[in-house]
Every structure is written in structure tokens, then in C-alpha cells.
Amino acid sequence: MSWLDDLDDDEPEFDEADVRVRPNPKANRPRTKRRPAHADARTARVLGVDRGRYTVLVDEDGPDEHSVLAVRARELRKMPIVTGDRARVVGDSSGDQGTLARLIGIEDRTSLLRRSADDTDQVERIVVANADQMLVVVAAADPEPRARLVDRYLIAALDAGIRPLLVVTKTDLADPARFLTHFEGLDLQVFTSAREDMPVDRIGAALVGHSTVFVGHSGVGKSTLVNALVPSAQRATGHVNVVTGRGRHTSSSTVSLRYHGHGGRGWVIDTPGVRSFGLGHVDPANILRAYTDLAEIAEECPRGCTHLPDAPDCAIADALQQGRLGPRGAERLDSLQRLLGTFADRPATRGSDT
Ligand code: GDP
Ligand code: ZN
């Protein structure tokens, strides 16, 4: 098995697909010079994008909160604007039928969740902006859980500085205990969910005050979970197609849904089931950085140390030997090495062009 089996990236085109930018961080920022001066612009949250039309929410949490349909200003043609962005809106923002407002820029993002079509692809697609949590949904069975796919989501989250959470669904069909041993070394909140026993309350508590992007392979029960958390969502649910392993009624675009509960609210950003999560754009150094204490120790490593099990004189491995990594040290180093190993398999394309 290699990462190649994740490459059949044949999910339907959805809104992130037209957002293709080079992995140059500057390219994601509005260019101040080209920003038209509009004193009357309002700030709005981008809820979703459908064929060039943006649904945005103006006056979020205010007395005049309502959604508005908008297009982007011509001068922003090349700038990706995605779900979760804070956009500046001008023109008719009444939201009345038949009106279209104009997006003239976006505010700086606090995070940017990206994926590549595959691991060799440096052209990245932006999935969502400004999320601070990612809920990874995986089924205990039907479809079989794959630790490597979950690793990929975790890597993308850690790379983006987004806190990952994990929910294992369909625990009525199989015991997830063995699968979960893969993640023991991670600082990861784990929920389990069964058909008749969904942890709506516990997951809900984790959503309040956050913007949480839900990701998962189709068929894992993500829509079922979203509908339980946000009853008004009415996300289409389907049965797994045993031939392709894909859901029949897979939702095809990213949407923002408001969670209400526990005396507060939060945002649920539901993404279409993606088969692959290419990591062509990810810098492995960001993964190490997510393990703050290990990153500190790694400063003592030889130059170019991979921190993998075969790395000579790795300071982290030495620290473990000397019992300096604490009670879960071995598991944590294991999990770090597994995530870093994902990159060791990757063809060396980084830095070879552009
Ligand atoms: P999505 O593609 O991830 O959005 O998955 P869906 O929510 O559409 O669910 C796929 C199928 O799994 C549907 O037939 C659901 O009824 C079923 N399903 C969802 N959650 C559970 C669960 O906890 N246990 C069982 N046995 N089936 C579930
Ligand atoms: Zn090392």
C-alpha cells in the first residue's frame, strides 16, 4: 500500500475547486493597492459559494442580521474567497429578492485549511477560512476506518493551526477500540457515536464559541451527525454504495450552519466527503511544531534530522530513552513519527520547481 491509493480524486466539483492558488502565502492576502476605497463597506461572513454566487451574512449577531447574495468585484477575480471568509460588501445588501451585492475584499484570515489534489500537486485548494477546529468523522465500520486517511486530516489541521477532534461513528457495528489505539499519543478529544446513542450533547459542548469544520469520507455518517446537531440543517443522508464505497446523496458543497446549544452558539462548516486529502502544500516542520515540547527538544537534533525511527542521534529519541518525555512519551513520539512518515513516502517535489 502506498499513498498512491488515495489519488483517485474523483469527487464531484464543488466550490473549493475553482479556488486554485500557488502556495505563496502572500497570494492569499488581498492586495491593498488594488482594494477600492469604499467607506460604506460592511463586513459579512461568507456562508457558502455556489457557481460564483456567494451567500454572505451581514451584521452577524446584530439586530439587522440577514443573508445576502453577492458576486465578487471584477478586480478580485483572481482572489480566492471561501466559506468562512470575512468579506467586505458594498452595493445592495438588503438581501431582497433579485438583488446582488458586491464583495470588494476580505479581512485577514486567522486560519486557512487547504488541501492539494494529491501529494505531488503544489496547487492547493482552500477548503475553509477562519475555522479554529476540525471534527474528523470516521466510521468504526462500513466503510472500514483507515488510520492513514485520518492522519491526513490531522496533518492538514495541525499545519493550519486548527485544533482537531475525532468522532468515530457506527460503533453499534464494530468496536473501535483497536482502531483508536492509533491515536493514543495525540492530544485529541475523541467521541464515539452509535445509531441509538449519538453524543450530541458532548460534541455540542465542544462547538460553542468555535468555528468547526466537519470532514470525513462519504458514507461515514457525517450528515446524520450534522442533522442531529443542527436539526434545521436537513443535510441529505444516503446509503453507502457497496461498489464504490461512496454515499449516493453526497452533498456537493461546503455550507455554514449555526449551532445553538449549551447557552451559546458556534459554526458548523460541513464539507462534501472528500476521498483524498493531498498534502502537497504541507510543510512537515508545521507538524513538529504542533508537538510543542518535542519541537523544543528537536532543536538539539542533527541538522536535517527526520526524527523517524531510523534517524541517527535524534534528540527526541534520546530524550525518550532517558525517560524525559513523560508518561505517554512513547505513544506521542510514535504518533509524531507516523505523521512525519507520511511525508517520507512523498515524492520529493518540494523546491524542485517554482
Ligand atoms: P455521510 O456521507 O458521511 O454524510 O453519511 P450519512 O450521514 O449519509 O450516513 C451514511 C449511512 O450510514 C446512512 O445510511 C446512515 O443511516 C448510516 N449511519 C449513520 N450513522 C450511523 C450509525 O451510528 N450507525 C449505523 N449503523 N449507521 C449509521
Ligand atoms: Zn530528530
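Only a predicted model underlies this, so the values are computations on that prediction, with no experimental measurement involved. (Residues numbered from 1 in each chain as written. Chains lettered and ligands numbered in written order. Predicted model: local features only at pLDDT ≥ 70, side-chain atom pairs only at ≥ 80, totals over all residues. Heavy atoms only, no water.)

Visitor: Even after reading the chapter, I still don't get the coordination of the zinc ion (ligand 2), so can you show me in this structure?
Guide: Six octahedral donors around a metal ideally make angles of 90 or 180 degrees; four tetrahedral donors ideally make 109.5 degrees. Taken together, Cys301 (SG), Cys305 (SG), His307 (ND1) and Cys314 (SG) make up the full set of protein donors to the zinc ion (ligand 2), lying 2.1 to 2.4 Å away. Viewed at the metal, the 4 donor atoms of the zinc ion (ligand 2) are separated by angles of 103 to 117 degrees, and the geometry they form is tetrahedral. On the primary sequence, the residues serving as donors to the zinc ion (ligand 2) are separated as C-x3-C-x1-H-x6-C. Each member of the pair, Cys305 as well as Cys314, carries the same accessibility label: buried. (Donors = N, O, S within 2.8 Å, 3.2 Å for Na, K, Ca; no water. Tetrahedral: all angles 85-135°; square planar, octahedral: opposite > 155°, others 65-115°. Buried < 20%, exposed > 50% of the residue type's maximum accessible area, 1.4 Å probe, protein only.)

Visitor: For this particular structure, what's the right way to read the sheet that holds strand 9 (residues 133–139)?
Guide: In a beta sheet, neighbouring strands are held together by backbone hydrogen bonds and run either parallel or antiparallel to one another. Reading across from one edge, 11-10-9-12-14-13 is the order of the 6 strands in this open sheet, with mixed pairing throughout. With one partner strand each, in any of the chains shown, strand 11 (189–192) and strand 13 (255–261) form the two edges of the open sheet. Strand-to-strand twist in this sheet, taken as the mean axis angle between neighbours without regard to direction, amounts to 25 degrees. By the bridge criterion, 4 bridges tie strand 10 (residues 163–169) to strand 11 in an arrangement that is parallel. Each residue of the ladder has a partner; that of Val168, found in strand 11, is Thr192. In the packing of helix 1 (residues 147–160) onto the sheet, contacts are made with strand 9, strand 10 and strand 12 (211–215), and the angle to strand 9 comes to roughly 180 degrees. Sitting on the sheet, helix 3 (residues 200–207) touches strand 9, strand 10, strand 11, strand 12, strand 13 and strand 14 (264–270), and the angle it makes with strand 11 is about 150 degrees. (Pairing = 2+ DSSP bridges. Helix = DSSP H or I, 4+ residues; strand = E, 2+ residues; numbered from the N terminus. Axes fitted to C-alpha atoms, helices over the stretch in contact; angles between N-to-C directions. Contact = heavy atoms within 4.5 Å.)

Visitor: I keep staring at the side chain of Thr271 and nothing clicks. Help me out?
Guide: Mapping Thr271 onto the fold places it in the loop between strand 14 and helix 5 (284–290). Here Thr271 falls in the buried class, since its relative accessible area comes to 3%. Side-chain polar atoms of Thr271 contact the backbone oxygen of Phe214, separated by 2.7 Å. Those residues in contact with Thr271 that sit more than four places away from it in its chain are Val127, Val213, Phe214, Val215, Lys222 and Thr254. (Polar contact = N/O pair within 3.5 Å; in protein donor to acceptor, adjacent residues only side chain to side chain.)

Visitor: Is there a simple way to explain the confidence of the model for the protein chain in this structure?
Guide: A low pLDDT score tells you not to read the predicted coordinates there in detail. Summary statistics for the protein chain give a mean pLDDT of 82 and a share of 81% for residues scoring 70 or more. Across residues 1–34 the pLDDT falls below 50, and counting only partners more than four positions away or on other chains, this stretch makes 77 contacts in the model. (pLDDT = per-residue confidence, 0-100.)

Visitor: What exactly am I supposed to notice about the nonpolar core here?
Guide: What tends to happen in soluble globular proteins is that the nonpolar side chains get buried as a cluster. Leu113, Met134, Phe183, Ile287, Ile316 and Leu336 are the most contacted members of the largest nonpolar core, which totals 55 residues. In terms of residue count, the dominant contributor to this core is helix 1 (10 residues). Each residue touching Met134, except ones within four places of it in the same chain, is listed here: Leu113, Tyr153, Ala157, Ile162, Arg163, Pro164, Leu165, Thr212, Val213 and Val215. (Core = buried A, V, L, I, M, F, W, Y, C linked by side-chain atoms within 4.5 Å.)

Visitor: Is there a simple way to explain helix 1 in this structure?
Guide: An α-helix turns once per 3.6 residues; consequently, residues spaced three or four apart project the same way. Compared with the 20 Å implied by 1.5 Å per residue over 14 residues, the 20 Å span of helix 1 between its first and last C-alpha is a close match. The element helix 1 is largely enclosed, with a buried count of 13 among its 14 residues. Phi for Gly161, located one or two positions after helix 1, is positive at around 75 degrees. (Expected span 1.5 Å × (residues − 1).)

Visitor: How should I be thinking about the sheet that holds strand 2 (residues 42–50) in this particular structure?
Guide: Around the barrel, which closes on itself, the 5 strands sit in the order 2-3-4-6-5 with mixed pairing between neighbours. Taking each pair of neighbouring strands and ignoring which way they run, the sheet shows an average axis angle of 55 degrees. Alignment of strand 2 against strand 3 (residues 53–58), held across 6 bridges, turns out to be antiparallel. What sits directly across from Asp50, in strand 3, is Arg53.

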